[in-house]
Amino acid sequence: MTTWDYAPAPESRDIANLKPSYRMFVDGKFVEGTGEPLKSVNPATEEVLAEVSTASPSDVDTAVKAARRAYDKVWGRMPGAERAKYIFRIARMIAERGRELAVLESLDNGKPIKESRDTDIPTASAHFFYHAGWADKLDYAGYGPSPRPLGVTGQVIPWNFPLLMAAWKIAPALACGNTVVLKPAETTPLTALVLAEIIQQADLPPGVVNIIPGAGGIGAELVNHPQVDKVAFTGSTEVGKLIQGSLAGTGKKLTLELGGKAANIVFDDAPLDQAVEGIVNGIFFNQGHVCCAGSRLLVQESIADELLEKLRTRVSTLRVGDPLDKNTDVGAINSSEQLAKIRELTQAGEDEGAERWTSPCSLPDKGFFFAPTVFSNVSQAMRIAREEIFGPVLSVLTFRTPEEAVAKANNTPYGLSAGIWTEKGSRILYMADRMRAGVVWANTFNRFDPTAPFGGYQESGFGREGGRAGLEAYLDV
């Protein structure tokens, strides 16, 4: 087989305009938080990137009150067409600073530069562009005449898509006339704070958006603050359950986008080479740090051996290493804690009898890296088939009939996404109708668009983000 050696093609880290320290953004100004400062670490090198000021409970109160004043006096009263101008401005400025944001995201998160450059940043900008268009058209969204905003929204986002998740949350909230207090993940706060710079430069009225870094306790303070009217959370199912329990009976509106264990189903009539590319994209994109990752591969028994051979050959070509190298396919795991969890679950897979195959790629000496791994001979009772690994690990199961595929795919407490690979349109519709998943992709995977709603069922959460359906979560309807 012909092999190709790629010369390093690193993106310059200087483009990120990295600062030695960052401060939280409250009431239109960057201010020192009174919490314990945290150090943001580059997961590819384990070096400290910057020191970040964090919020204390009193800072949370200050930010929420600033958001309340901005809602009552300015933003909640502003005509939609005027709100749209600000949101469009933010969208354009994200696009203009796209290269800087992409490099900073890869430094802080560990994802390959080609993913942050080609997916995260453009999609973040697209969400602001899309929702700016809705700001003066809410009367026609299907939620009654003159729908009203909710007020102050408390938003908590994860570390796997830091800037994109901020855009998913902030853009619809602003379009609907709400104000925002956002807490980014403690391991990846930097692009959210650069977004705060963009918001400031866009002359958004003070207090409309506030960004307060901190650990999980600050997120709890935010979601439980009595002046927060709506909570949006993306993260683990365990934390989502805690939030739902704490808000029960308060009357606050809640959206949860939680974990997943998606099934990617390949039938014997599928174009196998195309399916292999979809499988690789479904599980190894963003190091598998994707809530809707296709972490369970269900393949029809008659083609299982052929597909596995093709899959292992393809995975062997994935390049693991420096996230800033444009040739890198799989970057760094976000933290040592997440790497430990991945190692624990893969060891459990071996201990329970699954057959492990790991890519023979070389790994860097420093940093948090894990080689792409495929488990075959997996049973539904194994931990690797039931628990969210959130890493570059694929579990392969087989099926004989469509009915068995549906039963195995739905045999999970989650319900976020699924994929179907077949040439028959009737089979796609048959399967999609029976899958308990919020999003079902056909002959593709991991396709996202601001115009399309995204969300799950069961322990994957509830509510939708994106599209017309996503507006409902931020309107008093």
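Residues numbered from 1 in each chain as written. Predicted model: local features only at pLDDT ≥ 70, side-chain atom pairs only at ≥ 80, totals over all residues. Heavy atoms only, no water.

Things to note about unusual backbone geometry
Thinking step 1. You will see that D27, though not glycine, has its phi angle at about 55°, which is positive.
Thinking step 2. By the secondary structure assignment, D27 is in the loop between β2 (24–26) and β3 (29–31).
Thinking step 3. A positive phi is found at Q287, a non-glycine position, where the angle reads about 60°.
Thinking step 4. Mapping Q287 onto the fold places it in the loop between α9 (272–284) and β12 (296–300).
Thinking step 5. Residue classification places Q287 among the buried residues on the basis of a relative accessible area of 0%. (Helix = DSSP H or I, 4+ residues; strand = E, 2+ residues; numbered from the N terminus. Buried < 20%, exposed > 50% of the residue type's maximum accessible area, 1.4 Å probe, protein only.)

Section: empty space enclosed by the protein
Thinking step 1. Applying the stated criterion to the full structure yields three cavities of 30 Å³ or more.
Thinking step 2. Approximately 90 Å³ is the volume attributed to the largest cavity.
Thinking step 3. Taken together, 16 residues make up the lining of the largest cavity; nearest its centre are K261, A262, T412, G415 and S417.
Thinking step 4. Here the lining of the largest cavity is composed, by residue class, of eight nonpolar, five polar and three charged.
Thinking step 5. Empty space within the second largest cavity amounts to approximately 70 Å³.
Thinking step 6. Taken together, 13 residues make up the lining of the second largest cavity; nearest its centre are V290, A293, S295, E388 and F390.
Thinking step 7. Grouping the constituent residues of the lining of the second largest cavity by class yields seven nonpolar, four polar and two charged. (1 Å grid on protein atoms, 1.4 Å probe; cavity = no way out; pocket = protein on both sides within 12 Å on 5 of 7 lines; lining within 4 Å. Points joined across faces, edges and corners; volume = space filled by probe spheres on them. Nonpolar A, V, L, I, M, F, W, Y, C, P; charged D, E, K, R; others polar.)

Section: the packing of aromatic side chains
Thinking step 1. Counted under the stated rule, the structure contains 10 aromatic pairs.
Thinking step 2. Centre to centre, the rings of F88 and F129 are 6.1 Å apart; their planes meet at 55°, and the pair counts as tilted. Of this pair, F88 sits in helix α2 (residues 80–96) while F129 sits in helix α4 (residues 113–134), placing them 41 residues apart in sequence.
Thinking step 3. On the accessibility criterion, F129 (33% relative accessible area) is partly exposed.
Thinking step 4. Centroid distance F161 to F285: 6.1 Å. Interplanar angle 25°. Geometry classified as stacked. Of this pair, F161 sits in the loop between β6 (152–156) and α5 (162–175) while F285 sits in the loop between α9 and β12; the two residues are 124 residues apart in sequence, bridging distant segments of the chain.
Thinking step 5. Assessed through its relative accessible area of 12%, F285 is described here as buried.
Thinking step 6. Each member of the aromatic cluster is reached from another via a ring pair, and the members are W168, W441, F445, F448 and F454.
Thinking step 7. In this arrangement the basic side chain of K230 is found over the ring face of Y474, its NZ or CZ atom lying 5.1 Å from the centre. (Phe/Tyr/Trp six-rings, centres within 6.5 Å; stacked < 30°, edge-to-face > 60°. Lys NZ or Arg CZ within 6 Å of the ring centre and 35° of its normal.)

Side note on the sheet that holds strand β5 (residues 48–52)
Thinking step 1. Read from one edge of the open sheet, three strands run β1-β5-β4, paired in mixed fashion. The two strands at the open ends of the sheet, each matched to only one other strand, are β1 (21–22) and β4 (38–41).
Thinking step 2. Direction of pairing for β4 relative to β5: antiparallel, over a ladder of four bridges. Note on β5: the bridge partner recorded for V41 is V48. (Pairing = 2+ DSSP bridges.)

With respect to the sheet that holds strand β17 (residues 439–442)
Thinking step 1. Across the sheet, seven strands lie side by side as β13-β14-β15-β12-β11-β16-β17; this open sheet has mixed pairing. The open sheet has two edge strands, β13 (355–358) and β17, and neither has a second partner. Across this sheet, the average inter-strand angle for adjacent strands is 20°, counted without regard to direction.
Thinking step 2. Examined bridge by bridge, strand β11 (residues 263–266) and β12 share four bridges and lie parallel to one another. The residue of β12 that forms the bridge with N264 is L297. (Axes fitted to C-alpha atoms, helices over the stretch in contact; angles between N-to-C directions.)

Brief notes about the pattern of salt bridges
Should the charged atoms of two oppositely charged side chains come close, the side chains can pair.
Thinking step 1. As enumerated under the stated definition, the model contains 28 salt bridges in all.
Thinking step 2. Ionic pairing is found between D229 and R68, a salt bridge with its closest N-O pair at 2.5 Å. Linking D229 in the loop between α7 (216–223) and β9 (230–234) with R68 in helix α1 (residues 57–75), this pair joins segments that are 161 residues apart in sequence.
Thinking step 3. For D229, a relative accessible area of 24% corresponds to the partly exposed category. (Salt bridge = Lys/Arg side-chain N within 4 Å of Asp/Glu carboxyl O.)

Examining the UniProt feature "active site" (unreviewed entry) in the protein
Thinking step 1. The positions UniProt marks with the feature "active site" (unreviewed entry) are E257.
Thinking step 2. As for its position among the elements, E257 is in strand β10 (residues 253–257).
Thinking step 3. Apart from the residues lying within four places of it in its own chain, the contact partners of E257 are F233, T234, G235, C291, L416, F454, S460 and E465. (UniProt positions renumbered as here; feature names shortened; annotations may be inferred. Contact = heavy atoms within 4.5 Å.)

Observations concerning the pairing of β17
Thinking step 1. Where burial is concerned, the two faces of β17 differ: the one with V439 and W441 is buried and the one with V440 and A442 is not.
Thinking step 2. Of the pairings in the sheet, the one linking strand β16 (residues 417–421) to β17 comprises four bridges and is parallel in character. Its bridge partner being in β17, G419 is matched across the sheet by W441.
Thinking step 3. Chirality of the crossover, the property in question, places the unit of β16, helix α14 (residues 425–434) and β17 among those that are right-handed. (Right-handed = clockwise from strand over helix to strand, strands pointing away.)

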